[in-house]
Amino acid sequence: MKNKLPLVAIILIMPIALLSQSYHYTENDNYEFPDLGLNYAWEHYDINDNSLYYGDAGGAGGWMDLPFEWEFYGMPVSQCRISENGYVIFNPSNSNMSVGANVDLSDPSAPDNGIYAFWDDFKANDATCISFGGADGHDVFVVWWYGSEVNGVAGNFHFVLTLYEGCGDFDITIGRDEASTIATPLTGTIGCKKNSMEYTQVAGSPSHLGDGINRTFSFHYDIPTMNNNVALVDHNLDNHLIPGNNYDVRAKVKNMGFGNINSFKLNYTVSGGPTQIHEVTGVNIEPNEEYSFVHNVPINIGLAGQMEEVEFWIDDVNGTVDDKYCDNQLSVKVVGIENNEPIDKKVVLEKFSWPGCGNCIDGGVVVENILDQHGDKFIPIGLTGGPMENWDISETVRSFNFTAGPSGAINRKQFDDEEKEPMNRGAWPFRVDEELNSFSPVDVQMSGVFNRNTYEANVEVKLVYSDYSAGNDYGIVLAIVADEMFNHDDPGNDMWDQGNAYDDVPGHPYFGAGSPVQDYIHKHVLRSYVDSDCYGVQGIVPDYNVPGDEVSHTFNFTLDAEYDPENITLVAYLTKKSASNIPLKVHF
């Protein structure tokens, strides 16, 4: 009988523990609005595309397959349906219509099996976007509502839902509500619901205030608090390694919890080999703070052509388990290269500027100087705002975290001594020189036919490999670039005039040109990408290539009739939509 007593105790306790399982949330008002473009291949749906979401009257939006099986309240779900009213429901659901009048989640009129990012009676004034990206087995699925209209007034209110593969966690991030467009701040319901008995909602719902403060609500299944949470954000390991060389691995982590981090371990394995452990101690990483360090065991590859998969993960955070394990693992495929003589390489500069920026005019001068030196080996692409801005420009700017002008990304590469990929114009000349002399395993070739009567184009992009190559998620980009743009179609519109901070600087090419410079000619301006976003057409490039391989893709498209073909340049390149938060690499 004595042996049965503990069993009875377990039987009595277990139902209580199971009933206590639910979602808990933590709030952080210090988060910036998330970098929505980073490593995500966005699909953009405008307000006329009813295939994505459904509205108050039922709409036409159907069930969408999730890119991975996810757990919601501990149960697997594989499909979702997105409401323009700011929420997502999962199969199975008792709702076939989007409900506009938000209520408390205990109310039966609130659809079951749903996550409410910000539930209100919205109209998709602009668009909704979906995306997924991340490390293999640790992807994220993102739904982004923006420019939502409420009560017939167009707003500037943005909110995002992010699901994390590998656990049932999700984040809701609330963007901004500009009082200039909506006099009364928005109110809505935020939370999640299994049914009217099992739900979690943010304090203040159904009248939670969208007050213009960027904040994130992190929901964790059966984790009341998140004091110990280290996210593995980035590492610098390239896909192409010289056999026999040692490569230091610099990793970046971020404290995503609410307590300070004093210790943790970074581990890695190469193709399932021995685990290499680096213990970080004696640190004091505050919430939201990033920390970079070098693993004490370098990586090396033994043979040319040998492909390996390197997996990294964080554990033993503050001497205990990581409260959120689904954001602490990354992986990358690498290969030993023969390091053949460099091919006739080219370098792309993606330059961010806008007409009202006084210093941006000097960025154009730097570009012309580099062109004079390197000719067609240097390819500038202008991400130019103002009247020239469009979806592809703004999303590329967002994707690569351009925050100041003029700044530019060289081959979408983060150099070791640069804080991020976009860098100041003073670094462009020597970074271009550095990249022109760097390794690339592939030559990108382009040929095509253009019909001047119909504006139809047929363009083949061919990748010819001179060395081994490995990696996930390479995409082929074909960009349409206008050689020159100015206000010839809109004379007198001063939005095209370029600010000039050098009007009174003797010796500068724009000294005495006025500020702003009227009738300024904007050069190399991105107009659009063909059949893709800035990460290119996916699924064409294999994970592994050997010398002599050729991979080709044909783009068939019709050039916009408003373009003068004589003023258009096509730029083709291979880029990596880094599946593991690695800075993107471009090879030419």
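Residues numbered from 1 in each chain as written. Predicted model: local features only at pLDDT ≥ 70, side-chain atom pairs only at ≥ 80, totals over all residues. Heavy atoms only, no water.

Examining the nonpolar core
Next, step 1: Formed by 47 residues in total, the largest nonpolar core has its most connected members in Val461, Leu463, Phe555, Phe557, Val571 and Leu574.
Next, step 2: At 9 residues, strand β34 (residues 474-485) tops the list of elements feeding residues into this core.
Next, step 3: Once residues lying within four places of it in the same chain are set aside, the contact partners of valine 461 are Val444, Gln445, Ile476, Val551, Ser552, His553, Phe555 and Ala572.
Next, step 4: Membership of the second largest hydrophobic core comes to 32 residues, among which are Met64, Phe68, Val88 and Leu161. (Core = buried A, V, L, I, M, F, W, Y, C linked by side-chain atoms within 4.5 Å. Buried < 20%, exposed > 50% of the residue type's maximum accessible area, 1.4 Å probe, protein only. Helix = DSSP H or I, 4+ residues; strand = E, 2+ residues; numbered from the N terminus. Contact = heavy atoms within 4.5 Å.)

Here's the deal with the sheet that holds strand β20 (residues 240-241)
Next, step 1: A sheet is described by the order of its strands in space; here 5 strands give the open sequence β20-β26-β25-β22-β23, paired in mixed fashion. Single-partner strands in this sheet number two, and they are β20 and β23 (276-280). (Pairing = 2+ DSSP bridges.)

Some points on the confidence of the model for the protein chain
Next, step 1: Residues with a pLDDT of 70 or more make up 79% of the protein chain, whose mean pLDDT is 82.
Next, step 2: Predicted confidence in the protein chain is weakest over helix α1 (residues 4-20), with a mean pLDDT of 31, and strongest over helix α2 (residues 360-374), with 97.
Next, step 3: A low-confidence stretch, residues 579-588 stays under pLDDT 50, and its non-local contacts, those more than four residues away or across chains, total 67 contacts. (pLDDT = per-residue confidence, 0-100.)

Observations regarding the packing of aromatic side chains
Next, step 1: Scanning all chains against the criterion turns up 26 aromatic pairs.
Next, step 2: Between the aromatic rings of tyrosine 510 and tyrosine 520, the centroid separation amounts to 6.0 Å while the plane-to-plane angle is 50 degrees, which identifies the pairing as tilted. You can see tyrosine 510 sitting in the loop between β34 and β35 (522-529) and its partner tyrosine 520 sitting in the loop between β34 and β35, a full 10 residues away along the chain.
Next, step 3: What makes tyrosine 510 partly exposed here is its relative accessible area of 24%.
Next, step 4: Members of the aromatic cluster, connected to one another through ring pairs, are Tyr23, Tyr25, Trp70, Phe72, Tyr73, Phe90, Phe170, Phe217, Phe219 and Tyr221. (Phe/Tyr/Trp six-rings, centres within 6.5 Å; stacked < 30°, edge-to-face > 60°.)

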